Amino acid sequence: MLKRLLTNRKALGILVFLMLSRLFWHFHFIHQFNRPYSAVLLDNKGLLLQARIAADGQWRFPEGKEIPEKFKIAITTFEDKRFYSHFGLDPARIIKASYKNIKGTKVKSGASTLSMQVVRLARGKERNLFQKAIESIIAIELELSAGKNKILEMYCAHAPFGGNVVGLEAASWRYFGREASQLSWAESAALAILPNNPSMIRPGKNKEKFLLKRNRLLNKIFNQGYINQETYELSILEPLPDEPYPLPEFAPHLLNSLLEKKIESEIKSKGFYESTIQSALQKRCNQVLLKHHELLTANGINNAAVMVMKIETGEVLAYVGNVYQPGKPDYDSYVDMVPAKRSPGSTLKPLLYAAMLQDGLILPQTLLADIPTQIAGYSPKNFDLTYDGAVLASKALARSLNIPAVRLLQQYKYERFHDLLKKLGIKSLNKSAGHYGLSLILGGGENSMWEIAGVYSSLGRILNHFGRNNGMYDLNDLHEPRVIKRKKETEKEPHLSKEFPLGAGAIYNSFDAMKEVMRPGEEMLWSRLVSSQKIAWKTGTSFGSRDAWSIGLTSEYLVVVWAGNADGEGRAGLIGVQVAAPIMFDVFKLIPKANWFQVPYDDMKPIITCRKSGYQASEICEETDTIWAAQNGTRTGVCPFHQIVHLSKDKLYRVNSYCESPSEMIHESWFVLPPGMEWYYKNHDPSYRTLPPLRNDCLNGTIMNNMELIYPKKSNTIYIPLEIDGKEGEVIFEAAHRNKQIKIFWHLDGEYIGSTKEIHQMSLRPESGPHHLVLVDEKGERLEQNFVIERKNK
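Calculation criteria
- Residues numbered from 1 in each chain as written.
- Predicted model: local features only at pLDDT ≥ 70, side-chain atom pairs only at ≥ 80, totals over all residues.
- Heavy atoms only, no water.
- Pairing = 2+ DSSP bridges.
- Helix = DSSP H or I, 4+ residues; strand = E, 2+ residues; numbered from the N terminus.
- Axes fitted to C-alpha atoms, helices over the stretch in contact; angles between N-to-C directions.
- Disulfide = S-S within 2.5 Å.
- 1 Å grid on protein atoms, 1.4 Å probe; cavity = no way out; pocket = protein on both sides within 12 Å on 5 of 7 lines; lining within 4 Å.
- Points joined across faces, edges and corners; volume = space filled by probe spheres on them.
- Nonpolar A, V, L, I, M, F, W, Y, C, P; charged D, E, K, R; others polar.
- Salt bridge = Lys/Arg side-chain N within 4 Å of Asp/Glu carboxyl O.
- Buried < 20%, exposed > 50% of the residue type's maximum accessible area, 1.4 Å probe, protein only.
- pLDDT = per-residue confidence, 0-100.
- Contact = heavy atoms within 4.5 Å.
- Phe/Tyr/Trp six-rings, centres within 6.5 Å; stacked < 30°, edge-to-face > 60°.
- Polar contact = N/O pair within 3.5 Å; in protein donor to acceptor, adjacent residues only side chain to side chain.
- Core = buried A, V, L, I, M, F, W, Y, C linked by side-chain atoms within 4.5 Å.

For the rest of this paragraph, the subject is the sheet that holds strand 25 (residues 769-777). Pairing within the open sheet is mixed, and its five strands lie in the order 20-26-25-22-23. Each edge of the sheet is formed by a strand with only one pairing partner; in this case those strands are strand 20 (716-720) and strand 23 (751-757). Strand-to-strand twist in this sheet, taken as the mean axis angle between neighbours without regard to direction, amounts to 30°. Looking at chain direction, strand 20 and strand 26 (residues 782-791) are connected through five bridges and run parallel. Paired with Tyr719 across the bridge in strand 26 is Glu790.

Below, the structure is given as structure tokens:
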């Protein structure tokens, strides 16, 4: 049989023709539709958020959207009523059209099927009898290769709908302001007519003819039983489309950043981006930002951005990359600030706090020094330029104090912290740890909203899943934000581990401290309101007031806000708590309230602590608390500040065995800070009891230091810079004494230079080189310090 077939030239010719035609379809026709498409961003329900016109100036949406049933019925009824039964050509229609055209003086009726029209749209060549014959052949092959649904999909994506509008979805949004699946019967019928005569859509022209054609089509649809009498009568009363609608512009920055691969760079798309954005929330976040922007611009603050995430999945629910005002080019509103690298200010401090807890270097309430500090020539300052002397670690975090944070980083080591940040997902730190040094904790590096939101949402997810994972960590919970929908089959299986850079207990303690931050405009009253939601939040302000940050999270949602100027210009008043935090709390009002995080008891231990110092309680700590802290919290030392003090019977003086019999002494536990810390601390805490003075006859037996040099510290090298006017600056030397009224005498290199009382500060301008400083108080107590002076060039 095969031999007969092969020897039959006609049969062989037909076989070769079919094979060649199929190859022609695969390697030629499919490339005819290789035209530029508009980039289209959809929300989590498939609604249009944003679109960018195609490179050829056409609004041509990519293929892929499901064709609504109403339009299928309308287009096949109007263009090709036997579409589902013919094989690409409609013989009955060809005969009918030929008859009409022979009788008439000009062509009055066409015989092109939808399949043939798709071929014509793809080839785009001038039509004559020869070209129509070729189209007929390709149409048959198209039917065999693609099928009816694919043909309709190609037609709906490439048919002209008037002006620069190509395709059903683009036409639906341009003429009716919504997606095709939401069109009425009348609207679907109106669009079905347009590809046959796109010029009908011109405003003010052809309106009566357009209306007549649409209603005639609706009548056919009614007669075929697709709609009832009531629907038909209501449909013919609907108006025709008028002026084109502007396409939605709810997320211009997000679409641009996706196209430019600034975020979600691994995502591959043919033009349609199906996002996780919730349209309603996106619109309201835009409104909140615009409301605040009106106030900010009065102070020269032109840009702001907001991002909202769902903790459980890491999905981005709202992404407002900037206040979009294209009519004001000076505002730089086209810049997407979400992936922009900016100084994060203090937003990384909670991560250091958690790391210190994780390693057992501090407990949540450990008392930290907040005094003038210089480390290798670096002198951090608190934002308000004041000192507390001593402050609880949790309060230092809540108040975003810089000096305690720098001292903690010095203890933790900035090399380790740099490595920790990279493990948590901060990728923008592309220089060595030494390049950033201790300034890393105060915003010395550059990070993006995208990165910071990813880190904090990942930590929230780790904490939420700790119990579900039976005290283990799913390493896949650590990932960047996700703004593009993932298919279920692409989700990774849990990768459980007993280890994670930050334990659940440390994360919980850190979030718990963050929820105590004072909310702007409400002082501390908010915490007393039962209805007030618990939010862990942190603000940040970069050096020079160039960036204002606020990030907050509950167990279910995260909000991050940035405000500033895209060009980096600083402004007075550009402060995180004053500018960014109010925006953040307004956004939190838009999302559902959530419960607080569950306490991860399996990664924590109860620890008895000294109420005053926050350290593990010693035997002489009079007031104690039991707290739950990270398991390594037991590594911290016992309270170093409580000591037994020997008092005279009247408790007015301190005594010692040199001047008093032990049997005559009263032994009392006393909370004693070092002089430098005490000097500032007692001004902030009226309840702090300074030590009673040493009785005069006991002076020879004292071993307690009453005096401390705050600046400079031992063997410090001091750099004297030049001021703006070119003159040398001065160095402020500072000391502290337990006795506020006592006088201190200052000597430099063996020469007396002056005395101080109450406030012990001395302004000096020593020569370059080594020096020796001696302080002596009225009681004869002596303090000596060596230091070196170096001068900086201009």
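So, next bit.
This part takes up the state of the cysteines. If you walk through the whole model with that rule in mind, you get one disulfide. Residue pairing for Cys659: its cysteine sulfur links by disulfide to Cys698, the two sulfurs lying 1.5 Å apart. With the S-S bond torsion at 90°, the cross-link from Cys659 to Cys698 turns out right-handed. One end of the pair, Cys659, is in the loop between strand 17 (642-647) and strand 18 (666-671); the other, Cys698, is in the loop between helix 22 (675-684) and strand 19 (707-711), with 39 residues separating them in the sequence.

As a further point, take the layout of surface pockets. Unfilled space is identified by rolling a water-sized probe across the atoms. Each pocket or cavity is described by its volume, and for the second largest pocket that value is around 990 Å³. Around the second largest pocket, the lining comprises 36 residues; the ones closest to its centre are Ser346, Phe383, Arg399, Ser400 and Asn402. Elements supplying a minimum of two residues to the lining of the second largest pocket: helix 15 (393-398), strand 12 (536-541) and helix 21 (576-588). With four residues, the single largest contributor to the lining of the second largest pocket is strand 12. Partitioning the lining of the second largest pocket into residue classes produces 14 nonpolar, 16 polar and six charged.

This part takes up the pattern of salt bridges. Scanning the model with the defined rule gives 29 salt bridges in all. Note that Glu179 and Lys65 form a salt bridge whose closest N and O atoms lie 3.5 Å from each other. With Glu179 in the loop between helix 8 (168-176) and helix 9 (185-193) and Lys65 in the loop between strand 3 (59-60) and helix 3 (69-79), this residue pair connects regions lying 114 residues apart in the sequence. On the accessibility criterion, Lys65 (23% relative accessible area) is partly exposed. Between Glu260 and Lys262 there is a salt bridge, and its shortest N-O distance comes to 3.3 Å. Given the relative accessible area of 45%, Glu260 is considered partly exposed. Taking relative accessible area as the criterion, Lys262 reaches 48% and is therefore assigned partly exposed. Three or more residues joined by partner-sharing salt bridges are found here, namely Glu63, Lys150 and Glu153.

With 88% of its residues at a pLDDT of 70 or more, the protein shows a mean pLDDT of 87. In the predicted structure, residues 522-531 sits below a pLDDT of 50 and forms nine contacts with residues beyond four places in sequence or in another chain.

A separate point is the side chain of His158. Considering the arrangement of structural elements, one finds His158 in helix 7 (residues 148-158). With relative accessibility at 4%, the residue His158 sits in the buried group. Leave out the neighbours within four places in its chain, and His158 touches Phe33, Tyr37, Arg60, Glu63, Leu121, Val166 and Gly167.

Our focus in this paragraph is the environment of Ala629. By secondary structure assignment, the location of Ala629 is in strand 16 (residues 624-630). With relative accessibility at 1%, the residue Ala629 sits in the buried group. Each C-alpha atom of the pair Ala629 and Asn509 lies 6.8 Å from the other, and the pair is 120 residues apart in sequence. The contact partners of Ala629, leaving out residues within four places of it in the chain, are Leu363, Pro364, Asn509, Asp603, Met604, Lys605 and Ile607.

Another aspect to go through is the pairing of strand 8 (residues 367-370). In regular strands, side chains alternate between the two faces of the sheet. In strand 8, alternate side chains face the same way, and those of Leu367 and Ala369 on one face and Leu368 and Asp370 on the other are all buried. Across four bridges, the pairing between strand 8 and strand 9 (residues 389-392) is antiparallel. If you follow Leu367 over to strand 9, its bridge partner there is Leu392.

Here the focus is the packing of aromatic side chains. Scanning the entire structure with this criterion turns up 15 aromatic pairs. An angle of 25° between the planes, with centres 5.7 Å apart, marks the rings of Tyr473 and Phe500 as stacked. With a gap of 27 residues between them, Tyr473 in strand 10 (residues 473-474) and Phe500 in the loop between strand 11 (496-497) and helix 20 (504-514) connect regions that are remote in the sequence. Overall, the relative accessible area of 7% leaves Phe500 in the buried class. Measuring from ring centre to ring centre gives 4.8 Å for Tyr601 and Trp628, while their planes differ by 75°; the resulting arrangement is edge-to-face. Of this pair, Tyr601 sits in the loop between helix 21 and strand 15 (604-610) while Trp628 is found in strand 16, placing the two residues 27 residues apart along the sequence.

The next thing to look at is the environment of Thr386. Along the chain, the position of Thr386 falls in the loop between strand 8 and strand 9. By relative accessible area, Thr386 is classed as partly exposed at 32%. Separated by 14 residues in sequence, Thr386 and Pro372 have C-alpha atoms that sit 9.0 Å apart. Here the side chain of Thr386 touches Asp384 through a polar contact of 2.8 Å, side chain to side chain.

Soluble globular proteins tend to pack their nonpolar side chains together in the buried interior. Residues Met307, Phe417 and Phe511 are the most contacted members of the largest nonpolar core, which totals 85 residues. The biggest single contributor to this core is helix 19 (residues 449-466), with ten residues. Discounting chain neighbours no more than four positions away, the residues touching Phe511 are Tyr456, Leu459, Gly460, Leu463, Ala536, Leu553, Trp596 and Phe597. Core analysis: the next-biggest nonpolar cluster, separate from the first, contains 58 residues, Phe61, Ala139, Ala171 and Tyr232 among them.

With that settled, the discussion passes to unusual backbone geometry. Omega for the peptide link from Tyr711 to Pro712 comes to 5°, which places this bond in the cis form. On the secondary structure map, Pro712 appears in the loop between strand 19 and strand 20. At Leu385, a residue that is not glycine, the phi angle is positive and equals roughly 60°. Within the fold, Leu385 resides in the loop between strand 8 and strand 9. In this structure, Glu758 takes a positive phi of about 70° despite not being glycine.

Spatially, 2-1-5 is the arrangement adopted by the three strands of the open sheet, whose pairing is mixed. Every other strand in the sheet has two partners, leaving strand 2 (48-52) and strand 5 (272-274) as the edge strands with one partner each. If you compare each strand with its neighbour and ignore which way they point, the axes differ by 15° on average. In the sheet, strand 1 (residues 39-42) pairs with strand 2 via four bridges, with the strands oriented antiparallel. Bridge assignment links Val40 to a residue of strand 2, and that residue is Ala51.

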